[in-house]
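Below, each chain spelled out in residue letters.
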Amino acid sequence: MAKIKVCGLTRLDQVQELISLNTDFLGFIFYEKSPRYVLDHLDLEEISKIRHHGKVGVFVNETVERIIEISEKADLNFIQLHGDESEDFIVKLKQKINPEIKIIQVIRIGNQPPNELQKSINQNLSIINYFLFDTDSKAFGGTGKQFDWNILNTMEIPLPYLLSGGISEKNIENIKHLKQKPFALDINSRFETEPGNKDISKIKRFIS
């Protein structure tokens, strides 16, 4: 069974409900242009008080200093880099963050040829812990659109990965066609009534 990450959380009551459902990862978006920007709803101290081992901070082209500040004040366990962060950037970040914090590098899949995607995968293997494959978009995720999962079967994926991009109850069965299965599923917009407001009953059905 794949683990579950619910991303784009903005409400403490829903966070507590997801914890009671044994949700493996809780995603908080620290990208100001996102409709799920968490700091419009919660402050860093409130996030730090959430008792959970899988708190993920999602960042898009943020500065190293700001990522470190937020990760420390919010007591994050994972940093998800969802922008165009370079290898040098990730190295610098890795050197400065708490060594217990794991790094998830997002690879956004659009119309790139498989060899270009493979190059992206092979680039930072020694400095990251997980990949996350998502549908490419100007909004940097949260679109509810699915990329062609079959492209993952054309590549060597040497680290565990999270699968994102329009995952729903309708397409989940297609995961069985993947040669290398995701270690976690990242769900977001298909399980909302509006951006940041999760449909907990729908998530509960999906998890069960």
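Rules and cut-offs
Each chain has its residues counted from 1, following the order in which its sequence is written. Only residues with pLDDT of at least 70 get local features here, since the model is predicted, and only at 80 or more are side-chain atom pairs given and counted; chain-wide, interface and lining totals rely on the full set of residues. To get the side-chain values, take all heavy atoms of the structure and skip hydrogens and water. One bridge is not enough; two strands pair if DSSP finds at least two bridges between them. Helix numbers and strand numbers start at the N terminus; a helix is a DSSP run of H or I with at least 4 residues, a strand a run of E with at least 2. Lines fitted to the C-alpha atoms define the axes, with helices restricted to the stretch that makes contact. Angles between their N-to-C directions range from 0 to 180 degrees. Each nonpolar core is a collection of buried residues, namely Ala, Val, Leu, Ile, Met, Phe, Trp, Tyr and Cys, held together in the definition by side-chain atoms within 4.5 Å. Throughout, exposure labels follow a simple rule: accessible area from a 1.4 Å probe, protein chains only, divided by the maximum for the residue type, with under 20% read as buried, over 50% as exposed, and the rest as partly exposed. The definition of a right-handed crossover adopted here requires that, viewed with the strands pointing away, the path from the first strand over the helix to the second runs clockwise.

**Student:** How do you make sense of the sheet that holds strand 5 (residues 102–109) when you look at a structure like this?
**Tutor:** Two orientations exist for strands paired in a sheet by backbone hydrogen bonds: parallel and antiparallel. Taking strand neighbours around the barrel as the criterion, the eight strands line up as 1-2-3-4-5-6-7-8 in a closed arrangement whose pairing is parallel. Averaged over all pairs of adjacent strands, the angle between strand axes in this sheet comes to 25°, irrespective of strand direction. Pairing of strand 7 (residues 161–163) with strand 8 (residues 184–187) involves two bridges; the strand directions are parallel. Each residue of the ladder has a partner; that of Leu162, found in strand 8, is Ala184.

**Student:** What is the right way to read the nonpolar core from this model?
**Tutor:** As a rule of thumb, nonpolar side chains are buried together in soluble globular proteins. Core analysis: the biggest nonpolar cluster contains 54 residues, and Phe28, Phe30, Leu93, Phe131, Phe133, Leu152 and Leu163 have the highest contact counts within it. Counting nine residues, the second-largest nonpolar core is a separate cluster that includes Phe25, Phe78, Ile104 and Leu162.

**Student:** Whenever I open this one, the pairing of strand 1 (residues 3–6) confuses me. Can you help?
**Tutor:** Regular strands show a simple pattern: their side chains alternate between the two faces of the sheet. Here four bridges tie strand 1 to strand 8, and the two strands are oriented parallel to one another. Along strand 8, the bridge assignment pairs Ile4 with Leu185. Here strand 1 runs beside strand 2 (residues 25–29); their pairing, made up of two bridges, is parallel. Pairing of Val6 across the sheet is with Leu26, part of strand 2. The handedness of the strand 1 to strand 2 crossover, carried by helix 1 (residues 12–20), is right-handed.

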